Amino acid sequence: MLKIMTPGPTQVRENVRMKRSIEVTNPDLDLEFYDFYKDTCDKLSRILKTENSSYILSGEAILGLEAACASLTEPGDRVLVIDNGIFGRGFEDFVKMYGGEVVLFESEYDRPVDISRLAAFLEKDSDFKYATVVHCDTPSGVLNDIEKICTLFDSHGILSVVDSVSSMFGQDICVDTSHIDIICGGSQKALSAPVGITLVCVSDRAFASMEARKSPISSFYANLLNYKDYYINKWFPYSMPISDIYGVAQAIDNVIEEEGFVQRHKDIAQAARKALTQAGLEFYLKSGFADTITAIKVPQGLTDSDILRIMKEKYGVMIAGCFGCLSGKVIRIGHMGENANVEDMKLVMDALQGALKELGFELSCNLKESFYAIFLTLSFI
Ligand SMILES: *Cc1c(COP(=O)(O)O)cnc(C)c1O
């Protein structure tokens, strides 16, 4: 079996796969399902440390991003899009699609957003209905300080939409103290459930803004207001994918039951970065490394496709290349959720070293051994 070590989709634990196969009820008509769905959503809100309501939508994580933009944007609305990564910039498309007027806050892709520069920008212009920002921009692995950024937006009366798809569960997130209005996650990243489900958590202010619109939301599937009162009305906008939701619920329980879930990500990420540096490899990022993914520069003279091919064919380990402006420039290890474990990371390190060696690039230490040694010192402090 191929070992999947990509930044999503990630490995799925057996109890999640099993849960998806249990007998199902009619999710529209069986009132017990509404309780199960709500319980699961409430657990998510607790993980995100918020009083806001969470929702599970049938559709890959992109649906959450689009739904946030579809539901908030009215034609002509000014929207600030924080552009310090490929997903960050990507919000522009969704905002424009629903008639919004995008203002980009451009910032280098190899480091987090500079808070004081953003603060200075907002002092001059803060006339935005909402702003979008990516927590971990997965192509580079940069982690933005959403607590500071969204608090800043809030102080200017700007609603915030956060793409936390590749950071949710793997990084500590506190929605309430960060003043986040809509935050989106997906099933297939650190949660380690199969792909196909969006998680969104929405503030009352965001719902109030949607309800105050002059024009109707021009979508049905991406209309978050359709979910708002599902529990009171015992009505979902469409039949819920009950088996997918059973799987997600089990995966959420797995997160809750593991003490130190976030710390595990931190330790693995730190050990990986230190070992890779020791071995002589470089990162695309200058600072702001997320704990869920590491993007390594492709060494000069080599190609990403050769490295990935050898790792896959000879070692049975799959990591990822990249796309957009980082295409061919980095290879990425997704150490999130079920992937973030020592044994699998040792396999990755070994496979990477072997592939590089075969391509004529010698590392300056044994990557696997260094990784393991560093990990042990970190996790036993
Ligand atoms: C994975 C991911 C998404 C969802 O995108 P897909 O390419 O469909 O998997 C959205 N935002 C971020 C930051 C992601 O990492």
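Summary of the structure given here. Note that this is a predicted model, so its numbers are computed, not measured.

## Focus on the environment of glutamate 108
Mapped onto the secondary structure, glutamate 108 falls in the loop between strand S4 (101-106) and helix H5 (115-124). Residue glutamate 108 is classed as partly exposed on the basis of its relative accessible area of 43%. Along the sequence, glutamate 108 and lysine 214 sit 106 residues apart, while their C-alpha atoms lie 37 Å from each other.

## Points about the sheet that holds strand S10 (residues 197-202)
With mixed pairing, the seven strands of this open sheet are ordered in space as S2-S10-S9-S8-S5-S3-S4. Each edge of the open sheet carries a strand with a single partner, namely strand S2 (53-58) and S4. For this sheet, the mean angle separating the axes of adjacent strands, direction not counted, is 20 degrees. Pairing of S2 with S10, which is carried by six bridges, proceeds in the antiparallel orientation. Looking at the pairing, serine 58 lines up with isoleucine 197 of S10.

## Here's the deal with helix H2 (residues 31-47)
Relative to the 24 Å expected for 17 residues at 1.5 Å per residue, H2 spans 25 Å between its end C-alpha atoms, a close match to the ideal helical length. Along H2, the residues that are buried comprise Phe33, Tyr34, Tyr37, Thr40, Cys41, Leu44 and Ser45. Buried residues along H2 cover an arc of 145 degrees about the axis, so they all sit on one side. Those residues of H2 that are exposed and aimed more than 90 degrees away from the buried face are Glu32 and Arg46. Tucked inside the fold, the buried residues of H2 contact S2, S10, helix H9 (225-228), helix H10 (230-233) and helix H11 (242-257). Looking one or two residues beyond H2, the residue adopting positive phi is lysine 49, at roughly 55 degrees.

## Points about the pattern of salt bridges
On inspection of all chains with the given rule, the structure shows 26 salt bridges. For the salt bridge of lysine 38 with aspartate 42, the shortest nitrogen-to-oxygen distance reads 3.1 Å. Placement of both lysine 38 and aspartate 42 in helix H2 is noted, with a separation of four residues, approximately one turn of the helix. Given a relative accessible area of 30%, aspartate 42 falls into the partly exposed group. In this structure, a network of salt bridges that share partners links the residues Asp83, Arg89, Glu92 and Lys96.

## Details of the environment of glycine 100
Structurally, glycine 100 is set in the loop between helix H4 (86-97) and S4. As a C-alpha pair, glycine 100 and methionine 1 span 99 residues in sequence and 46 Å in three-dimensional space. If we ignore the near neighbours within four places in the chain, the residues touching glycine 100 are Thr73, Glu74, Asp77 and Val95.

## With respect to helix H15 (residues 367-379)
Note: α-helices contain 3.6 residues per turn, so residues at a spacing of three or four share the same orientation. Given a rise of 1.5 Å per residue, 13 residues ought to cover 18 Å, and the 18 Å separating the end C-alpha atoms of H15 matches this to within 8%. Taken together, the buried positions of H15 are Leu367, Ser370, Phe371, Ile374, Phe375 and Leu378. Relative to the axis of H15, the buried residues are bounded by an arc of 130 degrees and lie together on one face. Turned more than 90 degrees away from the buried face of H15, the exposed residues are Glu369 and Thr377. N-capping of H15 is provided by asparagine 366, with a side-chain oxygen placed 3.1 Å from the backbone N of lysine 368.

## Notes on the packing of H5 against helix H6 (residues 146-155)
Packing of H5 against H6 brings their axes to within 10 Å, and their N-to-C directions diverge by 10 degrees. Between H5 and H6, the interaxial angle falls into the category roughly parallel. In the packing of H5 onto H6, the handedness of the crossing is right-handed. Mapping the contact onto sequence places Ile115, Leu118, Ala119 and Leu122 in H5 and Lys148, Ile149, Leu152 and Phe153 in H6. A per-class count over the contact of H5 with H6 returns seven nonpolar, no polar and one charged.

Parameters at a glance
Residues numbered from 1 in each chain as written. Predicted model: local features only at pLDDT ≥ 70, side-chain atom pairs only at ≥ 80, totals over all residues. Heavy atoms only, no water. Helix = DSSP H or I, 4+ residues; strand = E, 2+ residues; numbered from the N terminus. Buried < 20%, exposed > 50% of the residue type's maximum accessible area, 1.4 Å probe, protein only. Pairing = 2+ DSSP bridges. Axes fitted to C-alpha atoms, helices over the stretch in contact; angles between N-to-C directions. Expected span 1.5 Å × (residues − 1). Arc of directions from axis to C-beta. Contact = heavy atoms within 4.5 Å. Salt bridge = Lys/Arg side-chain N within 4 Å of Asp/Glu carboxyl O. Polar contact = N/O pair within 3.5 Å; in protein donor to acceptor, adjacent residues only side chain to side chain. Parallel < 35°, antiparallel > 145°, perpendicular 65-115°, else oblique. Left-handed = near helix turned anticlockwise from the far one by under 90°. Nonpolar A, V, L, I, M, F, W, Y, C, P; charged D, E, K, R; others polar.

Shape is all these values report; function is a separate question.
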